[in-house]
Amino acid sequence: MNIIWNKTSRQFHLYNDQISYIIAVAPSGELSNIYFGKRIRERDDFSYVIFRNGMPNIAVDADTESYSMELNRQEYPSFGTTDFGASAFEVEQSNGSRVSSFVYKSHSIFPGKRAITGLPATYAAEDEAKTLEVELVDEQAQMTLLLSYTIFEKYPVVARHAEFKNTGSTKVKLTKALSCCIDLPDQDYEMVQFAGAWARERIPEVRKLTGGTTSIESKRGVSSANFNPFMIIKRPNTDDFAGDAFGFSFVYSGNFLAAAEGNTYGRLRILMGINPERFTWVLKEGETFETPEVVIAYTSTGLNSLSQTYHRLYNNNLVRGKWKNKPRPILNNNWEATFMDFTEDSILKIAAKAKEAGVELFVLDDGWFGERNDDFAGLGDWVENPAKLPQGMAGLARKIEAMGLKFGFWIEPEMVNPNSNLFRRHPEWVLAVPGRKSSLGRHQLVLDFSREEVVDYIYNMLYKVINGASISYIKWDMNRPLTEVFSNGCPAQEQGMVYHKYILGVYSLYSRLIEAFPDILFESCSSGGNRFDAGMLYYAPQAWCSDNTDAIDRLRIQYGSSYGYPIVSIGSHVSAVPNQQTGRTTSIATRANVAYFGTFGYELDLNEISDKEFDEVKSQIEFMKEHRELIQYGDFYRLRSPFETDQTAWMVVSEDRKRAIVGFYCMRSNVNTLPGFLKLAGLDPDTLYRMEGKEYYGDELMNMGITLSEFYKKGFTISEDFASFVTVIDAI
Ligand code: DGJ
């Protein structure tokens, strides 16, 4: 890994064993992109690839008339000179002009990586990464722009963000400040987006790119289930096993834009950052604005390897604290078992049975506080309801811990019901436009987290509940998007800052709680997977993946989630049947076979299942305890897509390739077809493995595949809907 500055050619070459990223200072002083892709050798000068001899109808520099930004591949294009494509940023200056031109002034290269103030970001020790910061200036705007690039030693990854500073004495206004731009030299690519809605999150969809703009975004105040802030730009023939692709992962949890813009000269511009719609940021004298980070990864060997890069990087260099790289506790959550209708006794009964099954952590979900007996009231009043918890949270925690279980509970700190003491006391603390109607979502309003005093107040309330009790886990929910976004604490000309300030408020509450209670495992949640993003992983190392707990639908949701997010971050539970969202009945075995590939837990009352099923649950928990380290942290391979056939499969392989676990699932039976084969991946071709009592070499398993008829004798037949098997493969 290194970053070379070539003084004569004025080029930077960032490289490690796997990738090269090459940047040039263009004649105009702006930064051009020369190359990003598979590692190439270092040369003094790569300017031979810069194509500037086209026929622009307008030139940026009168001396070199052929030189137009439109024909130039850029690193962070400005608005208003000779590039007519999408800009990466726009700054409104005191004279009203938005034209700007930031030119190279200086740079620094240092080991490691700096944190971004108030925002989540990947981190790295000095021997893990190197960072290049290029300082650019616009004299007339009296501003500096810092473009930051970090290359990691072990990963084919470059992390980018930008920082603006007002060095003048008058206010300026950023009206757009994306985090990165890359101009690729051709348009033969497809965009893979991860789209959906509540209960059907992160479904991969592929769009062919061409001239014009293809984009995804969120304007909901959360990153959203509708479009995840992660996308892949791949060659048309790239699949999970082969081919070139770039991943763009936004380390941010609010509004975003990700776009690919093809111009008519064959250039493909990729942009990602905070959504410029609904965004402005006022910079007063001396103030700076830092954008969130985008983690850009490259693969030349298919999407499984791209995903593995994100899994490893996020587990090692994004997730922090006690739970970093730790197997996660097997939990039982009471939500689908009781909803808000519970007493301490009924909770203790569920917990006792969970303990008997081998569960390690009990989670009390929504309904324990204020007047919260249904979803019309109580949010904002983070004080125990004595009718449900007579000895408070501390009392319940004590009783659960006495059983030998750890204990955690649910909060939704960003919200308030109009029917709550908090709202009655502080109606001005919600996001709402005075005099206009406020839209309710699940009968609740959004607290104005852009105001420090609101965050403080919620922190103090939560602190009291947590501090008095023995709490090991917190599920942080967020159940509606932001609407009528207006802050009573903000002057008129700064209302455009509220969406971003809101997210900064969320991050600051997380930071304060983590600092006060460093051992607590946080799980983020937003009506299931409505805010499942890399930003959240910095604070909460796991996320409730979806409110849809149906095993068959979960195959798609977890498969889609695995493209950008580590398996250990995917909250997955076995719930009751018929499933509450789909009405589908699947066996307890299949429900566990799916839920194993995530954090694993139960979302039901284990007193309600048959004795036979309970015995199965006990063995499932034993199985997960034995294998969770491998499942949650091994190399994950998608083997067969649930979006293409009626069967799906995935597997994990240990780092030393001595053990693997395969999951195979029949989503819909096909009568009168041959069972077929399933090709495995990631094994050592020369190693002899044992699977289901038989021996095979790795090359057989990967190239010829396993015969699915092998599993008939385990009670699995192809003509059975929702059948599944999970099998362990060991090197001999
Ligand atoms: C939505 C979450 O996704 C559920 O798991 C549950 O916690 C409910 N909220 C509680 O209101």
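The structure this text deals with has already been given above.
Just so it is clear, the model here is predicted, and its values are computed rather than measured.

Regarding the packing of helix H9 (residues 551–561) against helix H10 (residues 588–595)
Okay, so step 1: One way to put it is that H9 packs onto H10 with a least axis distance of 9 Å and a crossing angle of 10°. Here H9 is positioned roughly parallel relative to H10, judged by the angle of their axes. Handedness of the crossing formed by H9 with H10: left-handed. Taken together, the residues of H10 that come into contact with H9 (itself represented by Ala551, Arg554, Leu555 and Gln558) are Thr590, Arg591 and Val594.
Okay, so step 2: Taken together, the residues that form the contact of H9 with H10 break down as three nonpolar, two polar and two charged.

Remarks on the packing of aromatic side chains
Okay, so step 1: Evaluated as defined, the whole model comprises 50 aromatic pairs.
Okay, so step 2: Judged by centre distance (5.1 Å) and plane angle (10°), the rings of tyrosine 76 and phenylalanine 89 are stacked. Taken together, the residues tyrosine 76 in the loop between strand E4 (31–38) and strand E5 (89–92) and phenylalanine 89 in strand E5 connect sequence positions 13 residues apart.
Okay, so step 3: Using a relative accessible area of 7% as the deciding quantity, one classes tyrosine 76 as buried.
Okay, so step 4: With a centroid separation of 5.1 Å and 35° between ring planes, the pair formed by tyrosine 596 and phenylalanine 600 is classed as tilted. Just as tyrosine 596 is buried, phenylalanine 600 falls in that class too.

Structural notes on the site of the ligand
Okay, so step 1: The ligand sits among 13 residues. The nearest are Asp365, Asp366, Lys475, Asp477 and Asp547.
Okay, so step 2: Here an oxygen atom of the ligand sits 2.7 Å away from a polar atom, N or O, in the side chain of aspartate 366.
Okay, so step 3: Summarising the interface, the protein chains cover 97% of the accessible area of the ligand, which totals 290 Å² for the free molecule.
Okay, so step 4: When the residues that make up the shell around the ligand are grouped by side-chain class, the tally is four nonpolar, three polar and six charged.

As for the sheet that holds strand E36 (residues 688–691)
Okay, so step 1: In spatial order, the strands read E32-E33-E34-E39-E36-E37; together these six strands make up an open sheet with antiparallel pairing. Single-partner strands in this sheet number two, and they are strand E32 (635–640) and strand E37 (694–697). The average undirected angle you get between the axes of adjacent strands in this sheet is 25°.
Okay, so step 2: Of the strands in this sheet, E32, strand E33 (647–653) and strand E34 (659–666) are in contact with H9, which crosses E33 at around 45°.

Here is what the cut-offs are and how they apply
- Residues numbered from 1 in each chain as written.
- Predicted model: local features only at pLDDT ≥ 70, side-chain atom pairs only at ≥ 80, totals over all residues.
- Heavy atoms only, no water.
- Axes fitted to C-alpha atoms, helices over the stretch in contact; angles between N-to-C directions.
- Helix = DSSP H or I, 4+ residues; strand = E, 2+ residues; numbered from the N terminus.
- Parallel < 35°, antiparallel > 145°, perpendicular 65-115°, else oblique.
- Left-handed = near helix turned anticlockwise from the far one by under 90°.
- Contact = heavy atoms within 4.5 Å.
- Nonpolar A, V, L, I, M, F, W, Y, C, P; charged D, E, K, R; others polar.
- Phe/Tyr/Trp six-rings, centres within 6.5 Å; stacked < 30°, edge-to-face > 60°.
- Buried < 20%, exposed > 50% of the residue type's maximum accessible area, 1.4 Å probe, protein only.
- Near = heavy atom within 4 Å.
- Polar contact = N/O pair within 3.5 Å; in protein donor to acceptor, adjacent residues only side chain to side chain.
- Areas by Shrake-Rupley, 256 points an atom, 1.4 Å probe, with all protein chains shown as cover.
- Pairing = 2+ DSSP bridges.

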